[in-house]
Amino acid sequence: MISDRAGDYLVDIAMASVKYFLDTGKTIVKPDDYPIELDEPLGVFVTINKNNNLRGCIGYAEPVKPVIDATIEVAISAAFNDPRFNQISEKEFEELEFEVTVLTKPEMIVVAHPDQYFDEIEIGRDGLIIQKGYARGLLLPQVAVENAFTKEDFLDHTCMKAGISADSWMDESCDVYKFQGQIFK
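Residues numbered from 1 in each chain as written. Predicted model: local features only at pLDDT ≥ 70, side-chain atom pairs only at ≥ 80, totals over all residues. Heavy atoms only, no water.

1. Observations regarding the environment of Ala75
Position of Ala75 among the secondary structure elements: in helix α2 (residues 67-80). Residues within four places of Ala75 in sequence aside, it is in contact with Ala14, Ser17, Val18, Val46 and Ile48. (Helix = DSSP H or I, 4+ residues; strand = E, 2+ residues; numbered from the N terminus. Contact = heavy atoms within 4.5 Å.)

Given below as structure tokens:
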């Protein structure tokens, strides 16, 4: 996917974007000296933690724009527009930890029977997207590890994130996708 240097750059630009927005209320101008590989459109999530607790997480599952631009945008959204949390304050900025996860393109898992999902998902490697109608939930690969989820737990919690019943993944009208992510802190 991307080099470690480029991933570290994304973490730095995510932090700088939030700090600049805190100071000015404006979006940072993309620097001229960023690694050229960050022009590639890739899915990306920015996760902000405080004292090992989630403080904000927003991203794009699909590669909708160059990853450098997407990272700047979702970093600001994670800090100021995640509906689960109050906006980040200037006072707490120094206590924040930033994590950037760069995603592969999601691929639908095609199975004849729902039990076959267990053979197709690897905890620690795969993230999940579950979609049923307009409901859609996504959990990053690290969520399963951090919460010691089994594969069934992971499927259940992704459904709940979509706002549908936990066992919806067993329903034929549900689409299950997997993707991988490179995590940079």
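2. Some remarks on the packing of helix α1 (residues 4-24) against α2
α2 packs onto α1 with a crossing angle of 50 degrees between their chain directions and a minimal axis gap of 9 Å. Taken together, the axes of α1 and α2 are oblique relative to one another. Read as a crossing pair, α1 and α2 show a hand that is right-handed. Listed contacts from α2 to Tyr9, Leu10, Ile13, Ala14, Ser17, Val18, Phe21 and Leu22 of α1 are Val67, Ile68, Thr71, Ile72, Ala75, Ile76, Ala79 and Phe80. A per-class count over the contact of α1 with α2 returns 14 nonpolar, two polar and no charged. (Axes fitted to C-alpha atoms, helices over the stretch in contact; angles between N-to-C directions. Parallel < 35°, antiparallel > 145°, perpendicular 65-115°, else oblique. Left-handed = near helix turned anticlockwise from the far one by under 90°. Nonpolar A, V, L, I, M, F, W, Y, C, P; charged D, E, K, R; others polar.)

3. Some points on the packing of aromatic side chains
With the rule as written, the count across this model stands at five aromatic pairs. With a centroid separation of 6.2 Å and an interplanar angle of 70 degrees, the aromatic rings of Tyr117 and Trp169 are classed as edge-to-face. Residue Tyr117 is located in helix α3 (residues 117-120), and its partner Trp169 is located in the loop between α5 (151-161) and β7 (175-184); the two are separated by 52 residues in the primary sequence. The exposure classification of Tyr117 matches that of Trp169, with both residues buried. Taken together, the aromatic side chains of Tyr117, Phe118 and Trp169 make up a single cluster linked through ring pairs. Sitting above the plane of the Phe93 ring, Lys19 keeps its charged end 5.8 Å from the centroid. (Phe/Tyr/Trp six-rings, centres within 6.5 Å; stacked < 30°, edge-to-face > 60°. Buried < 20%, exposed > 50% of the residue type's maximum accessible area, 1.4 Å probe, protein only. Lys NZ or Arg CZ within 6 Å of the ring centre and 35° of its normal.)

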